[in-house]
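Chains, contacts and geometry: an overview
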Amino acid sequence: MIQIEIDNGSGFCFGVTTAIKKAEEELAQGGTLYCLGDIVHNGMECDRLRQMGLVTINHDNLRQLHDVKVLLRAHGEPPETYELARRNNIEIIDATCPVVLKLQKRIKEQYECSLTSHLSPLTSQIVIFGKKGHAEVLGLVGQTQSNAIVIENFDEVEKLDFSRDIYLYSQTTKSLDEFHRIIDYIQSHISPDALFQSFDTICRSVANRMPNISQFAVRHDLVLFVSGRKSSNGKVLYNECLRVNPNTHLVEGPEEIEPQWLEGIETVGICGATSTPKWLMEQCRDKLEVLSEK
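We now examine the sheet that holds strand β5 (residues 91–94). Ordered by their spatial adjacency, 4 strands build an open sheet running β3-β2-β4-β5, and the pairing between neighbours is parallel. The outermost strands of the open sheet, each flanked by one partner alone, are β3 (54–57) and β5. Recorded for the sheet is a direction-independent mean angle of 35° between the axes of neighbouring strands. Two elements, strand β2 (residues 33–36) and strand β4 (residues 69–72), share 3 bridges in a ladder whose sense is parallel. Of the residues in β4, the one forming a bridge with Tyr34 is Val70. In the packing of helix α1 (residues 14–28) onto the sheet, the strands contacted are β2, β3, β4 and β5, and the crossing angle to β4 comes to about 165°. Along the sheet face, helix α4 (residues 79–87) touches β2, β4 and β5 and points at about 145° away from the line of β5.

This part takes up the pairing of β2. Looking along a regular strand, one sees the side chains alternate between the two faces of the sheet. Of the two faces of β2, both are covered, the one formed by Leu33 and Cys35 as well as the one formed by Tyr34 and Leu36. Pairing between β2 and β3: 4 bridges, direction parallel. Bridged to Cys35 within β3 is Thr56. Each parallel crossover has a hand, and the one from β2 via helix α2 (residues 43–52) to β3 is right-handed.

On the basis of which strands lie adjacent, the open sheet formed by 4 strands has the order β7-β6-β8-β9 and parallel pairing. Sheet topology places β7 (149–151) and β9 (196–198) at the edges, where each strand pairs with a single neighbour. Strand-to-strand twist across the sheet, computed as the mean angle between neighbouring axes with direction ignored, equals 20°. Direction of pairing for strand β8 (residues 165–170) relative to β9: parallel, over a ladder of 3 bridges. Within the sheet, the bridge partner assigned to Leu168 lies in β9 and is Ser198. Most of the contacts of helix α5 (residues 98–116) go to β8, to which it runs at about 165°, and overall it touches β6 (124–129) and β8. Lying on the sheet, helix α7 (residues 176–189) is in contact with β6, β7, β8 and β9; it crosses β8 at an angle near 175°.

Looking now at the environment of Tyr82. Mapped onto the fold, Tyr82 is located in helix α4. For Tyr82 and Leu72, which are 10 residues apart along the polypeptide, the C-alpha to C-alpha distance reads 9.8 Å. Once residues within four sequence positions are removed from consideration, Tyr82 is found in contact with Leu72, Glu77, Ile92, Asp94 and Thr96.

Another point: helix α10 (residues 232–244). Here α10 spans 19 Å end to end across 13 residues, near enough to the 18 Å set by a 1.5 Å rise per residue. All buried positions along α10 are accounted for by Ser232, Asn233, Gly234, Leu237, Tyr238, Glu240 and Cys241. Contact partners of the buried residues in α10: α8 (204–207), α9 (209–218), β10 (222–226), β11 (248–251) and β12 (267–272). Where α10 starts, the residue carrying a side-chain oxygen 2.8 Å from the main-chain nitrogen of Gly234 turns out to be Ser231.

Let's shift gears to the packing of α2 against helix α11 (residues 278–293). Contact geometry of α2 with α11 gives a least axis separation of 9 Å together with a crossing angle of 115°. Between α2 and α11 lies a crossing whose hand is right-handed. Of the residues in α11, those in contact with Met44, Glu45 and Arg48 of α2 are Trp279, Leu280 and Gln283. Split into classes, the residues belonging to the contact of α2 with α11 amount to 3 nonpolar, 1 polar and 2 charged.

So, how was this worked out
Residues numbered from 1 in each chain as written. Predicted model: local features only at pLDDT ≥ 70, side-chain atom pairs only at ≥ 80, totals over all residues. Heavy atoms only, no water. Pairing = 2+ DSSP bridges. Helix = DSSP H or I, 4+ residues; strand = E, 2+ residues; numbered from the N terminus. Axes fitted to C-alpha atoms, helices over the stretch in contact; angles between N-to-C directions. Contact = heavy atoms within 4.5 Å. Buried < 20%, exposed > 50% of the residue type's maximum accessible area, 1.4 Å probe, protein only. Right-handed = clockwise from strand over helix to strand, strands pointing away. Expected span 1.5 Å × (residues − 1). Polar contact = N/O pair within 3.5 Å; in protein donor to acceptor, adjacent residues only side chain to side chain. Left-handed = near helix turned anticlockwise from the far one by under 90°. Nonpolar A, V, L, I, M, F, W, Y, C, P; charged D, E, K, R; others polar.

Right under this line is the structure:
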């Protein structure tokens, strides 16, 4: 009989849990609730909430709405979104993660400080290590009137101007190791006449999952990593599982599990991203139990 273990450390992070709870509470009161973007990067969880009445919209849709309730997901939004909501008499249900809110505030204060100093803001660079176009990053860049520089990976750090001051921040779900590599590179290349400051803004509830999920993955013959393919955090954690255990498969749900994966397997580990609901990992476990009995 195949032994199946679900990773206790996987599943929704605090920010996602809070956003979904707020959505469920609002939907329970009746009426229409809109959500700006997918509330979580997991299609099956989005489908569940849609069946409860949650309507997902984009920014173009938002401009057409008036006198409604709109939930802002954990990723956060730039100041322009709040201003648009004010003009259109939209009630904001703000589910922005507290960690993201704190980061937005720090970046905004840094940018405003540069505006009020005797130096032009163009003499310094606010740099964000993050995924271009990601909802959280758009919210962070928005705190600087779109003047922040976004670098997606270590290879892009060399494009910075090392003769000017650099203030480095990170998207909350990026790799801690790569962030430290970027810091080391800047420190070794920055001009003696320029200032460099880095701010470790990576969420520890996410960063700590990396070593934990490595230990989990290496214990099993087969690993199923359950995640939506749009999840940035999911890609990072999946690649870590794959690194320590080549017999790792990414699935969005139980229907993607292939019976041949179980041939010669004694133990299976099921884990997932911060956007993966526990109920979905349990469905994958149930599917494995059925397949193992055949």
